[in-house]
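Descriptive structure summary
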Amino acid sequence: MKITRLALLLPLFLVGCTVVIQPKKEVVFVSIPPLRWVVAQIVDTATTRIEVFVPESSSPESYEPTVRQIRALADAKAYISIGLIDFEQVLEGQIKEIAPKTPLLNLAASAGIEPLPEIRHHQDQQHDLQDPHIWLSPRRMATIGQEVARFLGELTPDSASAYRDRAQKLVERIDTLDDRLDRIAHTARRKQFAIGHPALGYLADDYGLQQIVIEDEGKEPSVRMMKQLVDSLQRTGVKSVLYQRQTSDAAARAIAREVAGGRAVMFDPLVEKWLDNMHELADTLQVILNE
């Protein structure tokens, strides 16, 4: 009788002890946090883990990937980059040696996005520096979303249709932001805005705006240059100076102090929640373009 009871209880015991093994997630690496947000809009995050190289608090211009990050790419489903940032270009060569089987997507090249020259004070000097900040242009970001969907769909054909549908919904949300920024620019009191690091060149190009850049070839401006900048801001009526979270605010604050009613305003180009961040930037631009 005891044996019979044990035989009846044994299946229940085994069921209660069953371990559910979760399938291992595929890993997609991206270079910067805003791309993590884009990929998350396209893939199923229940089956895909998205890893990012550059933390929000670091500057992509000076970032160096760790050896551990580079080696992890060997097991990744794919690596997606803007394609114009210095560390990305160095990393691309390393990936071809360390993880030759990992598919790479260089968004600027693949999507046919024409790089703009980076704004400098010394415009009379020849230079070939390109502005890498294409993700801060809503119109180019819409193209990026579609390109990510195409690329990942080729790697996972069964999901290609779902990726395209999600990309289209993403484009519609970005179009709403685009319409808003277009209205802000068209009704603005002025078209110029001051900024420490020239990060908004593509956005300015989208909406007919003009950056007045504070830094001088990546460095704080000289006393003479600061005086010229103050004169320029006073002449155009610009009061606020944008500065990037990942860079020094010293020059922006120093210049703002010399302008009547001036103030330094922080913005962060690397916030992962890209759409929310861009709407906040639109709020800021609406104010500073009409001061």
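Only a predicted model underlies this, so the values are computations on that prediction, with no experimental measurement involved.

**Some thoughts on the overall build of the protein**
Across its full length, the protein holds 11 helices and 10 strands. Looking at the protein as a whole, 47% of its 291 residues are labelled buried. Accessible area for the protein stands at about 15,400 Å²; split by element, carbon and sulfur atoms hold 51% of it.

**Looking at the pairing of strand β8 (residues 210–213)**
Sheet faces and side chains relate simply in a regular strand, where the side chains alternate between the two faces. Of the pairings in the sheet, the one linking strand β7 (residues 192–195) to β8 comprises four bridges and is parallel in character. Paired with I195 across the bridge in β8 is V213.

**A look at the environment of R245**
Relative to the elements of secondary structure, R245 occurs in the loop between β9 (240–244) and α10 (250–258). Judged by its relative accessible area of 41%, R245 is partly exposed. Linking R245 and S57, residues 188 residues apart in sequence, is a C-alpha distance of 7.6 Å. For R245, the side chain forms a polar contact with the side chain of D268, separated by 3.0 Å.

**Here's the deal with the packing of aromatic side chains**
Applying the stated criterion across every chain, the model contains four aromatic pairs. Here the aromatic rings of F29 and F53 are separated by 5.4 Å at their centres, their planes lie at 50°, and the arrangement is tilted. One end of the pair, F29, is in strand β1 (residues 26–30); the other, F53, is in the loop between β2 (48–52) and α3 (67–72), and 24 residues separate them in sequence. The same class applies to F29 and to F53, which are both buried. Cluster of aromatic residues (ring-pair linked, three or more members): F29, F53 and Y79.

Criteria and thresholds
Residues numbered from 1 in each chain as written. Predicted model: local features only at pLDDT ≥ 70, side-chain atom pairs only at ≥ 80, totals over all residues. Heavy atoms only, no water. Helix = DSSP H or I, 4+ residues; strand = E, 2+ residues; numbered from the N terminus. Buried < 20%, exposed > 50% of the residue type's maximum accessible area, 1.4 Å probe, protein only. Areas by Shrake-Rupley, 256 points an atom, 1.4 Å probe, with all protein chains shown as cover. Pairing = 2+ DSSP bridges. Polar contact = N/O pair within 3.5 Å; in protein donor to acceptor, adjacent residues only side chain to side chain. Phe/Tyr/Trp six-rings, centres within 6.5 Å; stacked < 30°, edge-to-face > 60°.

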